[in-house]
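Notes for the structure review
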Amino acid sequence: MSQSAHNVLQNNVSLQTYSETQLKTMANAIRALAMDAVQKANSGHPGMPMGMADVATVLYSKFLKFNPKDPFWVDRDRFILSGGHGSMLLYALNYLTGYEKMTLDEIKNFRQLHSKTAGHPEIDVECGIEMTTGPLGQGISAACGFALAEAMLTTRFNKDLVNHYTYVMAGDGDLQEGVSHEACSFAGHQKLSKLIVLYDDNDISIDGNTSISFTEDVCKRFDAYGWDTQKIDGHDTNAIEKAIIQAQKTNTPSLIACKTKIGFGAPTKEGSAAAHGSPLGEEEIQGARKNLGWTHRPFDIPEDILSAWRSTPEKSLLEYDAWKTRLNGSTQKTIFLSTQSGLDQAVLESKTQEVKDSFFENKPKKATRQTSGIVLETLVPALPSLLGGSADLTGSNNTIVKGLEEGVQADNQYNGRYIYYGVREHGMAAIMNGMSLHGGVVPYSGTFLQFADYARPAIRLAALMGVQVIHVMTHDSIGLGEDGPTHQPVEHLAALRAIPNCYTYRPCDGVETAECWELALKNTHAPAVMALTRQALPTLASSTPQNACSKGAYTLFETSADPKVTLFASGSEVSIAKDAYDQLVNEGVSVRLVSVPCMDLFWEQDREYIGHLICNSSVKVAVEAAVRQGWDRIIGAHGSFIGMTGFGESAPADQLYKYFGITADAIVDAAHNGLNQ
């Protein structure tokens, strides 16, 4: 097929034309379902779905490339509802357009336990929900990652296989959140022209009119980012259509400011904060039905209106069939499909073993940020979908690979393997979420562990969604030294370990670093944090065909299967604990040293394994250059902990360890005290 013919199909206008009256009636179906579902649940946000119904109707009926019969179609357009509180807009659209699992019963079950219609959308592609949204700013920021992944994969596989848009609906709250500034600035720099944001410019926030707190000129702000901007009446279907057509022609991202009325049609609440976050009430709903000319009963969508909605995917079917034909005829089919199913596990395992063996044989004394860099030098060239980056700390994080230094940029048609995010930790984390959700790439990026605080909301959302992203977070303790307490993380390990379905790895040497990378890359349903040192560490772990770190905690050394003392440590403190272990052994004490590279994995082991290490009569001492929180589950409330009780200080690392008492002598003293009780 010629490229021109392909473009005609890709931008194909609906095979069925819709009159202005039809479009308004179709939009009113969204409004009715939103009002009825929120009222039945006695909970929810009817205002946004009612206000943006016209925009959504034009987008879905005339532009969005999708196929509800094959919701995982790789080359579908992505639609991200960033303002997740307006979830009934998305649920109504996906029921009306025919997603099999988004039924009318699910609409009626809005916000109820185990329904597919949660209060805020939760990722379920089979239901037409591309990502979990709700924390404002996350959707629009992740959308930048969706668009970047599309651009990169278009370069890699050409437009025959990858050629789609990312559409976003975002509101004032999304644009006020700081993460949107970071991500949208990045998107403008990258000239992500397939990213189109439909801004619900309704002048309303929960506290009242936005004039009380948000008076910037949003379009001028986005102009400064390098976006194309337009202002339209969000209830004029012709204006909406023309604006989207114009946005598709630009070579930059696009923001369309759609001036709307929240709660459109509600007789007393339209255009007010009262329409935002609570049911309208029966009387108000009756008035809205009258104003909209909607005479049907609650949840009743007449057949002709439903039929019109169910016809909207037809505009995409020619392109869907043509895409399948192109895929089946492509010489890249096998590798293209393999990118959608993750990394090559056999290659990952063999390369990990290769680098483990090298570390064990050579026994380097290096910081784990350095051994991580060596692991990446081995893995990245062998795994083409593995994509790196850093928030302006590339040299410190050791996240780049020799020979692949050219960054992903619009100027090189996104032809690279490394992303320079700038000083945008939160935006970086959200963008990585979007890239991973899009599929075809596995992103990792670097910053300092202290700055996990900046990225935490996006990391938490990744854990909630079950998204594979890897955060390389170096300078993981007071061991970074002179930069002082502003940069020395003490509570961060505990805070990250507290996030469900987030795996925090803290390896003690190169062998463990390689094993932790393997585990992070094998777990396709969770984010990972690699907490890595600035200071050099000796090689202590052995290289075997098994991945010892997969247990989360394991015996590194022991003198007896029934020890009198058990030492637990992670990361840089394992070598300190080893010195203490040697002292105790020389004294004739029966002792075991347990390395704990990943607490999260340890608690997933069976009771017998956990009990073997912690449910015994030995004196237990844990050491970590961080706060105690989380360790009591291993050592008990009466176990001894050698670590931090407050913030750090500015000084060379060796002085700090002595000052704060994180030493082998302190560990030995704690063991003696326990034995003497």
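Residues numbered from 1 in each chain as written. Predicted model: local features only at pLDDT ≥ 70, side-chain atom pairs only at ≥ 80, totals over all residues. Heavy atoms only, no water.

A few words now on the layout of surface pockets. Taken as a whole, the largest pocket spans an internal volume of roughly 650 Å³. Contributing elements (two or more residues each) for the lining of the largest pocket: α14 (333-340) and α18 (425-438). A total of three residues in the lining of the largest pocket trace back to one element, the largest contributor, which is α18. Taken together, the residues of the lining of the largest pocket break down into nine nonpolar, 12 polar and three charged. (1 Å grid on protein atoms, 1.4 Å probe; cavity = no way out; pocket = protein on both sides within 12 Å on 5 of 7 lines; lining within 4 Å. Points joined across faces, edges and corners; volume = space filled by probe spheres on them. Helix = DSSP H or I, 4+ residues; strand = E, 2+ residues; numbered from the N terminus. Nonpolar A, V, L, I, M, F, W, Y, C, P; charged D, E, K, R; others polar.)

So, on to the sheet that holds strand β14 (residues 554-558). Here five strands make up an open sheet; going across it, the order is β14-β16-β15-β17-β18 and the pairing mixed. Two strands lie at the open edges of the sheet, namely β14 and β18 (640-642), each paired on one side alone. Each strand of the sheet is rotated relative to its neighbour by a mean of 25 degrees, with strand direction disregarded. Across five bridges, the pairing between strand β15 (residues 565-569) and strand β17 (residues 619-623) is parallel. Residue pairing in the sheet places Phe568 in a bridge with Ala622 of β17. (Pairing = 2+ DSSP bridges. Axes fitted to C-alpha atoms, helices over the stretch in contact; angles between N-to-C directions.)

All right, on to empty space enclosed by the protein then. The tally for this structure, following the rule as stated, stands at four cavities of 30 Å³ or more. Counted as a void, the largest cavity has a volume near 90 Å³. In this structure, the largest cavity is lined by Tyr60, Leu64, Phe66, Pro71, Arg76, Asp77, Phe79, Asn94, Tyr99, Val125, Gly128 and Glu130. Its residues placed into classes, the lining of the largest cavity shows seven nonpolar, two polar and three charged.

Looking at where Glu130 falls in the secondary structure, it is placed in the loop between α5 (104-108) and α6 (138-157). Within the local environment of Glu130, its side chain forms a polar contact with the side chain of Arg76, the two groups lying 2.8 Å apart. Beyond its immediate sequence surroundings of up to four residues, Glu130 is in contact with Arg76, Asp77, Arg78, Phe79, Ile80, Ile123, Val125, Phe146 and Leu437. (Polar contact = N/O pair within 3.5 Å; in protein donor to acceptor, adjacent residues only side chain to side chain. Contact = heavy atoms within 4.5 Å.)

Moving on: the pattern of salt bridges. This structure, assessed with the given rule, holds 27 salt bridges. Put simply, Arg221 and Glu216 hold a salt bridge, and the shortest N to O gap is 2.8 Å. Accessibility expressed as a relative area gives 36% for Glu216, which makes it partly exposed. Here the salt bridges do not stand alone but share partners, grouping Asp476, Arg497, Arg506, Glu573 and Glu624 into one network. (Salt bridge = Lys/Arg side-chain N within 4 Å of Asp/Glu carboxyl O. Buried < 20%, exposed > 50% of the residue type's maximum accessible area, 1.4 Å probe, protein only.)

Counting residues in each nonpolar core, the largest one holds 83 residues, and the members touching the most others are Tyr505, Trp517 and Leu567. It is helix α21 (residues 510-522) that provides the largest number of residues to this core, a total of seven residues. Ignoring any residue separated from it by four or fewer positions in sequence, one finds Tyr505 in contact with Cys516, Leu519, Ala520, Ala528, Val529, Met530, Ala531, Pro597, Cys598 and Leu601. In this structure, Ala34, Leu89, Leu90 and Leu306 belong to the second largest nonpolar core, which totals 61 residues. (Core = buried A, V, L, I, M, F, W, Y, C linked by side-chain atoms within 4.5 Å.)

Taken as a whole and judged by the stated rule, the model has 21 aromatic pairs. One aromatic cluster in this structure is built from Trp73, Phe157, Tyr320, Trp323 and Phe336. The ring of Tyr95 carries Arg310 above its face, with NZ or CZ at 5.2 Å from the centroid. The ring centre of Tyr609 lies 5.1 Å from the NZ or CZ of Lys551, which sits over that ring. (Phe/Tyr/Trp six-rings, centres within 6.5 Å; stacked < 30°, edge-to-face > 60°. Lys NZ or Arg CZ within 6 Å of the ring centre and 35° of its normal.)

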